[in-house]
Every structure is written in structure tokens, then in C-alpha cells.
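Now for the letters of each chain:
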Amino acid sequence: QVQLVESGGGLVQAGGSLRLSCAASGSIFSINAMGWYRQAPGKQRELVAAITSGGSTHYADSVKGRFTISRDNAKNTVYLQMNSLKPEDTAVYYCNPGDYRGSCYYPGDYWGQGTQVTVSS
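Residues numbered from 1 in each chain as written. Predicted model: local features only at pLDDT ≥ 70, side-chain atom pairs only at ≥ 80, totals over all residues. Heavy atoms only, no water.

Enquirer: Talk me through the nonpolar core; I want residue IDs and the actual numbers.
Expert: Core analysis: the biggest nonpolar cluster contains 26 residues, and Met34, Trp36, Phe67, Leu80, Met82 and Tyr93 have the highest contact counts within it. If you list the elements that add at least two residues to this core, you get strand E1 (2–7), strand E3 (18–26), strand E4 (33–39), strand E5 (46–52), strand E7 (67–72), strand E8 (77–82), strand E9 (91–101) and strand E11 (115–120). Among the nonpolar cores identified, the runner-up in size contains five residues, and Ala33, Tyr37, Ala50 and Tyr100 belong to it. (Core = buried A, V, L, I, M, F, W, Y, C linked by side-chain atoms within 4.5 Å. Buried < 20%, exposed > 50% of the residue type's maximum accessible area, 1.4 Å probe, protein only. Helix = DSSP H or I, 4+ residues; strand = E, 2+ residues; numbered from the N terminus.)

Next up, the structure:
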């Protein structure tokens, strides 16, 4: 079992920044990679960024150059720094422990409650 708690969301104007955090606890030794997903109303959940246990990072094209994923292994926490936010970034953001193999991220079974990010124009 893995427990995940996301935080850091909020309301921000376009062009602003937010930093999301995801604290993991439980059976975290088995985590190979961590991903941040988002889901906007009426849309499918999509992968935004992922980071492997070795520190390699991967981003969706829509957020490259604006978002940065990082991890603090001592704190079992993954972060998502979001800069130059756009209204289309509005969504509920979730972290997910999964697996990164080849060039693909495979989501795991555990999800947190999510944190709402709203970007006003």
C-alpha cells in the first residue's frame, strides 16, 4: 500500500506560478518512477511529467519549458514547479507512483486525492 497526499494547488492568474507537492508513504521502496497527471473537466486524465528513480525527467509537449518535476528522496516527496501558467493548465493534478520503461510511463494503482489548479485569464 502506498499513500499519497498532494498539495499546493490554488487559483492563480495566467502567467503565474505554483508549486505542487506529493508526499508518499507506505510501501515506497517499490516505486520506480513518479508521475504527475492532470484531468480537466470532460477530458481524460493525461500524463504531465514523470521522474525516474535515477532522476531522469520527461514532460508532455504542452508543458515543456514551463513545468519542472523534481524529487526529494529523503522526504519521499515529488514536486511539480509550474511557471508561465495558462488557462488550459486548469485541472485537478494527481501524483502517481508507476514505472518508466523505454520511452513510456506506466501508471501504478495508487492515486492521491488530487489538488485543484485554476488559472484565470
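Enquirer: How would you summarise the environment of Arg101 if you had to cite specific residues and measurements?
Expert: With respect to the helices, strands and loops of the structure, Arg101 is situated in strand E9. With relative accessibility at 46%, the residue Arg101 sits in the partly exposed group. In this structure, the C-alpha to C-alpha distance between Arg101 and Asn32, residues 69 residues apart in sequence, is 9.6 Å.

Enquirer: Quick one: what's the story with the pattern of salt bridges, residue by residue and with numbers?
Expert: Applying the stated criterion across every chain yields a total of five salt bridges. Between Arg66 and Asp89 there is a salt bridge whose closest N-O contact spans 2.7 Å. With a gap of 23 residues between them, Arg66 in the loop between strand E6 (57–59) and E7 and Asp89 in the loop between E8 and E9 connect regions that are remote in the sequence. Side by side, Arg66 and Asp89 carry an identical accessibility label, which is buried. By sharing partners, the salt bridges in this structure join Arg38, Glu46, Arg66 and Asp89 into a single network. (Salt bridge = Lys/Arg side-chain N within 4 Å of Asp/Glu carboxyl O.)

Enquirer: Give me the pairing of E8: which residues, what numbers.
Expert: Counting buried positions over the six residues of E8 gives five, a clear majority of the element. When E3 meets E8, the two strands line up antiparallel, connected through six bridges. Bridge assignment links Ser21 to a residue of E8, and that residue is Tyr79. As paired strands, E7 and E8 are joined by six bridges and run antiparallel to one another. Across the sheet, residue Phe67 finds its bridge partner in E8, namely Met82. Between E7 and E8, which pair antiparallel one after the other, the connecting turn spans four residues, and Asn76 there sits at a positive phi close to 50 degrees. (Pairing = 2+ DSSP bridges.)

Enquirer: Could you give an account of the state of the cysteines, with specific residues and numbers?
Expert: Each disulfide consists of a covalent bond between the sulfur atoms of two cysteine residues. For the structure shown, the criterion picks out one disulfide. Sulfur-sulfur distance for the disulfide between Cys22 and Cys95 comes to 1.9 Å. Between Cys22 and Cys95 the sulfur-sulfur dihedral comes to about 55 degrees; the bridge is accordingly right-handed. Highlighted residues: Cys22 in strand E3 and Cys95 in strand E9, separated in sequence by 73 residues. (Disulfide = S-S within 2.5 Å.)

Enquirer: Lay out the side chain of Thr115 with the relevant residues and their values.
Expert: You can see Thr115 is positioned in strand E11. Note on Thr115: relative accessible area 9%, which makes it buried. Within the local environment of Thr115, its side chain forms a polar contact with the backbone nitrogen of Gly9, the two atoms lying 3.0 Å apart. Leaving out residues up to four positions away in the same chain, Thr115 has contacts with Glu6, Ser7, Gly8, Gly9, Leu20, Ala91, Val92 and Tyr93. (Polar contact = N/O pair within 3.5 Å; in protein donor to acceptor, adjacent residues only side chain to side chain. Contact = heavy atoms within 4.5 Å.)

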